[in-house]
Amino acid sequence: MPVVSLAKVVTSPAVAGDLTVRVPFIYGKRLVTNRVSFGKLRSRNCIGHCVRSELQSPRVLGSVTDLALDNSVENGHLPKGDSWAVHKFGGTCVGNSERIKDVADVVVKDDSERKLVVVSAMAKVTDMMYDLIHRAQSRDDSYLSALSGVLEKHRATAVDLLDGDELASFLARLNDDINNLKAMLRAIYIAGHATESFSDFVVGHGELWSAQMLAAVVRKSGLDCTWMDARDVLVVSPTSSNQVDPDFVESEKRLEKWFTQNSAKIIIATGFIASTPQNIPTTLKRDGSDFSAAIMGALFRSHQLTIWTDVDGVYSADPRKVSEAVVLKTLSYQEAWEMSYFGANVLHPRTIIPVMKYDIPIVIRNIFNLSAPGTMICRQIEDEDGYKLDAPVKGFATIDNLALVNVEGTGMAGVPGTASAIFSAVKEVGANVIMISQASSEHSVCFAVPEKEVKAVSEALNSRFRQALAGGRLSQIEIIPNCSILAAVGQKMASTPGVSATFFSALAKANINIRAIAQGCSEFNITVVVKREDCIRALRAVHSRFYLSRTTLAVGIIGPGLIGGTLLDQIRDQAAVLKEEYKIDLRVIGITGSSKMLMSESGIDLSRWRKLMKEEGEKANMEKFTQYVKGNHFIPNSVMVDCTADADIASCYYDWLLRGIHVVTPNKKANSGPLDQYLKIRDLQRKSYTHYFYEATVGAGLPIISTLRGLLETGDKILRIEGIFSGTLSYLFNNFVGTRSFSEVVAEAKQAGFTEPDPRDDLSGTDVARKVTILARESGLKLDLEGLPVQNLVPKPLQACASAEEFMEKLPQFDEELSKQREEAEAAGEVLRYVGVVDAVEKKGTVELKRYKKDHPFAQLSGADNIIAFTTKRYKEQPLIVRGPGAGAQVTAGGIFSDILRLAFYLGAPS
């Protein structure tokens, strides 16, 4: 019977007659061939089928390691304990020759007595090795050129790092390994399949090569250094396709044997790879190098395990999502475990288990920033009095691309085994349950699974519970897609009252709807399920609340005219102070006028917003503008600031509030418009966590609305509100004295800019009527603007004038009437004042020209000041007076600005 190599079979035509083929097997760490007889074969396909069968059931031969263990132990003992420091360097740390030199420098400069260094394969090499297997089992000949690429990458790195005998020795081993891999991949190519053990044998070579190169570089410094193939020492038992359990007893025996033959002060060990109890090469699966380092730390009883990465430590949240995330100084083992489970870039959860047993601290450090101290993971630190130190919540993590499965029905309540049946069905399809939540009524069970697995889960549950669904015992199996998990983690949460309340309050204030909640009794974490599109906003909201990072508001300014422009300038001038002292970041991301709008996701440069608006502004579109302000997922809260007097803009408020956008405005149209629309807005505001602030609608920068609310909320009863609400009309009647005519005073006020372009807008009393209507409604009266008696100071013949110029020209003809009223008032020791009145007792409002004694507070005004008197049950004998400037761009913009800051404080900024 002829004997040929596997490569010969692949490259030759079908061989007639009986055939024996040399099929590769793993013998310990070695690749050897075994003669396999296939008898009479008719075609090359038959050979492939038979080889595949052999590869799928490989024989386990006696291993080299087994033979070594049979020998008697040489005299010597492995020293364990604090003299050892363990370091682990990931693929990024050894990504090229320069980085390998940097790693060697760190190892050399560590002053520990003994050092064990665990290294990963060079960056991307593990992926390259998996790609080789994929190509080979797909029968793609390009695996050969890809293997050559792997060879060249390591050859070039070695040439750059090593010389002389070290280089020659490494290149010889490298070429032997590549030849073995070529034979193995050829076998996989023939079979069209790779067993797990064959795959593990192939992918583990990256660590072998990086460990040998690093050890050689360290030796160049004159230090005692050797390298360890971890497959000689680490023994693990596979428990599933993605998990293995270390055999510490057997691993310790093998480590003692290995050390007696390879004693050194510095050991460079391979990460990721190990052996099974049958001495077949295997891996510790993805992120296995961290696990390798933890196991080694436990085996050596080291004083510390340092894991070197490309970040400064463990962050309080993903810094790509939360720019204010901070590096944590310490984490307990449990906290790190929880954060790892929920997707934080910390460690694989199993990494922590081996070191916990011996209280070995783990330090996460940045190889590219050696000055950063990193994060220490250890047992929770307590002070002398036994109190646990640090913040109750350490960090936040998220998991995206999940679906929520909700199983509910009255037939579930009190029925044993329902939950077991649900999760048995889920287990059968191999789905991973991330989170479970069940109401105490047992009416429903919901759980989160990866979105890619939800279809199989749904089909399995519908199949398992078909009869219960048909009989009505289960009402539905609901799938809610597009979900994310947000988890807050902290060991001190259990002993700190109010953590949950703060967490949920922050989410509510950001207008985040929660779909499901889970919390263990240990209270190490609080987990919620939210919509995927809300996840980043939710993360930023809770992080801001607990870490006092900046409360950021996405601000949209509507109407960049006199008041809006002044507001933008005030925000610009105060921005730095707000950020540093008050932790408030007002990010103006949109400005829109009636014709143009300007938008910027990172925030508009307010030092030149006028120029940008002119040069880069696009055509105004309110719906697009609204979507832009609301759609910024990196900023948890958004606010529209309406600086117009436009009724159409005011009609948008309800929709904005419904969409979770806060509203701040000096625009009176919404609160004095149709009563049903006003009531609708206020009802929505009370039911939601969306805020609506409008202090500047009545008194510009004066605290009129807030004073009224304070009286009502503390139980006082409003009897009467009376005031001079118009700065323009206050100025006119404060200066309408002596022999001056009314038209003369109006002309002076218009020239000084105290009136509207058309003074009839002021003299008509409509503005005062709107303010009276707003205050009446705030007091609980259901008044309509249309039914309010208003004394119009524009003479009837002039109300139809075509222009303001025509009105001003003809106004002197009507001075006599007002002059006569002034003279009568002065004769009685009184003055004229244009006032608005809310009579809460009679449930009515009026706007009229009234006379007041010269000692009355209303008679003491000067300039354009406003004054409002609150007569209440408490302030009955002497009304509560609020007085001050009630008009002008600066004070009005200041009132709006104050409302914006009040909103920020409501949303969590420190006050």
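Please read these numbers as outputs of a predicted model, since none were measured by experiment. (Residues numbered from 1 in each chain as written. Predicted model: local features only at pLDDT ≥ 70, side-chain atom pairs only at ≥ 80, totals over all residues. Heavy atoms only, no water.)

Engineer: How do you make sense of the overall build of the chain when you look at a structure like this?
Structural biologist: Helix and strand counts for the chain come out as 34 helices and 33 strands. Residue pairs in contact within the chain that sit at least 24 positions apart in sequence constitute 71% of those at least 6 positions apart. With an accessible surface of roughly 39,600 Å², the chain has 49% of that area assigned to carbon and sulfur atoms. (Helix = DSSP H or I, 4+ residues; strand = E, 2+ residues; numbered from the N terminus. Contact = heavy atoms within 4.5 Å. Areas by Shrake-Rupley, 256 points an atom, 1.4 Å probe, with all protein chains shown as cover.)

Engineer: How do you make sense of unusual backbone geometry when you look at a structure like this?
Structural biologist: Of all residues except glycine, most have a negative phi; of all peptide bonds, most are trans. One non-glycine residue with positive phi stands out, namely N279, at about 65 degrees. Among the structural elements, N279 can be located in the loop between β10 (273-275) and β11 (281-283). A residue is classified by how much of its surface remains accessible, and N279, at 5% relative accessible area, is buried. Even without glycine at this site, N511 takes up a positive phi of about 60 degrees. Following the sequence through the fold, N511 ends up in the loop between α17 (499-509) and β20 (514-519). In this structure N511 comes out as partly exposed when scored by relative accessible area, which is 25%. (Buried < 20%, exposed > 50% of the residue type's maximum accessible area, 1.4 Å probe, protein only.)

Engineer: Even after reading the chapter, I still don't get helix α27 (residues 704-713), so can you show me in this structure?
Structural biologist: Since the α-helix packs 3.6 residues into each turn, any two residues three or four apart lie on the same face. Along α27, the residues that are buried comprise I704, I705, T707, L708, R709 and L711. If you follow the buried residues of α27, they end up packed against α25 (675-687), α26 (696-699), β29 (718-724), α31 (766-778), β32 (865-872) and β33 (880-885). Just downstream of α27, G715 is the residue with a positive phi angle, here 95 degrees.

Engineer: I keep staring at the packing of helix α5 (residues 125-137) against helix α6 (residues 143-161) and nothing clicks. Help me out?
Structural biologist: Between two packed helices, what matters for the description is the angle formed by their axes and the separation of those axes. Between α5 and α6, whose axes approach to 9 Å, the crossing angle comes to 160 degrees. With respect to their mutual orientation, α5 and α6 come out roughly antiparallel. Of the two possible hands of crossing, α5 and α6 adopt the one that is left-handed. Of the residues in α6, those touching α5 at V125, M128, M129, L132, R135 and A136 are Y143, A146, L147, G149, V150, K153 and H154. (Axes fitted to C-alpha atoms, helices over the stretch in contact; angles between N-to-C directions. Parallel < 35°, antiparallel > 145°, perpendicular 65-115°, else oblique. Left-handed = near helix turned anticlockwise from the far one by under 90°.)

Engineer: Looking at this structure, how should I read the environment of I377?
Structural biologist: Checked against the element boundaries, I377 lands in strand β15 (residues 375-378). When the C-alpha atoms of I377 and P361 are compared, they prove to be 5.6 Å apart, with 16 residues separating the residues in sequence.

Engineer: Could you clarify how one ought to interpret the confidence of the model for the chain in this entry?
Structural biologist: In the predicted model, the chain carries a mean pLDDT of 87, and 88% of its residues have values of at least 70. Residue range residues 33-75 is modelled with pLDDT below 50. Its contacts to residues more than four positions away, or to other chains, number 97 contacts. For residues 383-389, every residue scores under 50 in pLDDT, and the model assigns this stretch 10 contacts once sequence neighbours within four places are set aside. (pLDDT = per-residue confidence, 0-100.)

Engineer: Is there a simple way to explain the sheet that holds strand β17 (residues 435-438) in this structure?
Structural biologist: The pairing of strands in a sheet comes from backbone hydrogen bonds and takes either a parallel or an antiparallel form. Strand order in this open sheet of six strands is β17-β18-β16-β19-β21-β20, and the pairing throughout is antiparallel. If you trace the sheet from one side to the other, it starts and ends with β17 and β20, each paired once. Within this sheet the neighbouring strands show an average axis-to-axis angle of 30 degrees, counted without direction. Where β17 and strand β18 (residues 444-450) come together, four bridges link them in antiparallel fashion. (Pairing = 2+ DSSP bridges.)

Engineer: I tried to follow the pairing of β15 on my own but got confused; where do I start?
Structural biologist: Alignment of strand β13 (residues 330-332) against β15, held across three bridges, turns out to be parallel. Bridge pairing in β15 places S332 opposite C378. With three bridges joining them, strand β14 (residues 362-366) and β15 adopt antiparallel strand pairing. Looking at the pairing, I362 lines up with I377 of β15.

Engineer: Just checking my understanding: could you explain the sheet that holds strand β28 (residues 692-693) for this structure?
Structural biologist: On the basis of which strands lie adjacent, the open sheet formed by seven strands has the order β25-β24-β23-β22-β26-β27-β28 and mixed pairing. Edge positions in the open sheet fall to β25 (618-619) and β28, since each of these has one partner strand only. Pairing geometry for strand β23 (residues 584-592) and strand β24 (residues 596-599), over three bridges, is antiparallel. By the bridge assignment, T592 is partnered in β24 with M597. Sitting on the sheet, helix α34 (residues 889-906) touches β22 (551-558), β23, β26 (637-642), β27 (662-664) and β28, and the angle it makes with β23 is about 125 degrees.

Engineer: Explain the nonpolar core to me, please; I cannot follow it from the model alone.
Structural biologist: Buried together is how nonpolar side chains tend to be arranged in soluble globular proteins. Membership of the largest hydrophobic core comes to 69 residues, with the highest contact counts inside it found for I721, L732, F733 and L775. Apart from residues no more than four positions distant in its own chain, F733 is found in contact with F742, L793, L832, R833, Y834 and L849. Y189, F198, V217 and I367 belong to the second largest nonpolar core, which has 55 residues in total. (Core = buried A, V, L, I, M, F, W, Y, C linked by side-chain atoms within 4.5 Å.)

Engineer: Looking at this structure, I do not really get the packing of aromatic side chains. What am I missing?
Structural biologist: For any pair of aromatic rings, the description consists of the separation of the ring centres together with the inter-plane angle of the planes. The final tally for this structure, using the stated rule, is 16 aromatic pairs. Aromatic side chains F396 and F546 sit 5.8 Å apart centroid to centroid with 45 degrees between the ring planes, which places their arrangement in the tilted category. With F396 in strand β16 (residues 395-408) and F546 in helix α18 (residues 535-547), the pair connects residues that are 150 residues apart, well separated along the chain. Its relative accessible area of 21% is what places F546 among the partly exposed residues. A connected cluster of aromatic rings, assembled from ring pairs, spans Y653, W656, Y692 and Y694. Residue placement shows K680 over the ring face of Y654; its charged tip is 4.3 Å from the ring centre. (Phe/Tyr/Trp six-rings, centres within 6.5 Å; stacked < 30°, edge-to-face > 60°. Lys NZ or Arg CZ within 6 Å of the ring centre and 35° of its normal.)

Engineer: Got a minute to help me understand helix α21 (residues 622-630) in this structure?
Structural biologist: Those residues of α21 not exposed but buried are F625, T626, V629 and K630. Take α21 and look down its axis: the buried residues cluster within an arc of 125 degrees, on one side only. In this fold, the buried residues of α21 make contact with α18, β22, β23, β24, β26 and α23 (653-658). (Arc of directions from axis to C-beta.)

Engineer: Explanation requested: the packing of helix α14 (residues 418-428) against helix α15 (residues 454-464) in the structure shown.
Structural biologist: At a minimum axis distance of 9 Å, the contact between α14 and α15 shows a crossing angle of 135 degrees. Relative to α15, the element α14 lies oblique. α14 and α15 meet at a crossing whose hand is right-handed. Along the contact surface, α14 presents A421, I422, S424, A425, V426 and E428, while α15 presents V457, A460, L461 and R464.

Engineer: Is there a simple way to think about the pattern of salt bridges in this case?
Structural biologist: Two side chains carrying opposite charge are able to pair once their charged atoms lie near each other. Taken as a whole, this structure holds 46 salt bridges when the rule is applied. As a salt-bridge pair, E152 and R155 come within 3.0 Å of each other at their nearest N and O atoms. In this pair, E152 and R155 both sit in helix α6, three residues apart, roughly one turn of the helix. Of the residues examined, E152 reaches a relative accessible area of 37% and is grouped as partly exposed. Judged by relative accessible area, R155 falls into the partly exposed class, the value being 33%. (Salt bridge = Lys/Arg side-chain N within 4 Å of Asp/Glu carboxyl O.)

Engineer: Would you mind going over the state of the cysteines with me for this structure?
Structural biologist: Evaluated as defined, the whole model comprises zero disulfides. Of the cysteine sulfurs around C483, a residue in no disulfide, the closest is that of C446, at 9.6 Å. Among the residues examined, C483 registers a relative accessible area of 2% and is labelled buried. (Disulfide = S-S within 2.5 Å.)

Engineer: What's the story with a negative patch on the surface in this structure? I'm lost.
Structural biologist: A contiguous patch of negative charge, built from E816, E817, E823, E824 and E826, is present on the exposed surface. For E824, the location among the structural elements is in helix α33 (residues 815-827). Under the relative-accessibility criterion, E824 is labelled partly exposed at 41%. (Patch = residues over 30% accessible without salt bridge, like charges linked within 9 Å, V, L, I, M, F, W, Y side chains within 5 Å. Lys, Arg positive; Asp, Glu negative; His and termini not counted. Charge placed at Lys NZ, Arg CZ, Asp CG, Glu CD.)

Engineer: Would you explain the side chain of T665 in this entry?
Structural biologist: Mapping T665 onto the fold places it in the loop between β27 and α24 (669-672). Exposure remark for T665: the relative accessible area of 1% places this residue in the buried category. In terms of polar contacts, T665 uses its side chain to reach the side chain of Y653, at 2.9 Å. Side-chain polar atoms of T665 contact the backbone nitrogen of N667, separated by 2.8 Å. (Polar contact = N/O pair within 3.5 Å; in protein donor to acceptor, adjacent residues only side chain to side chain.)

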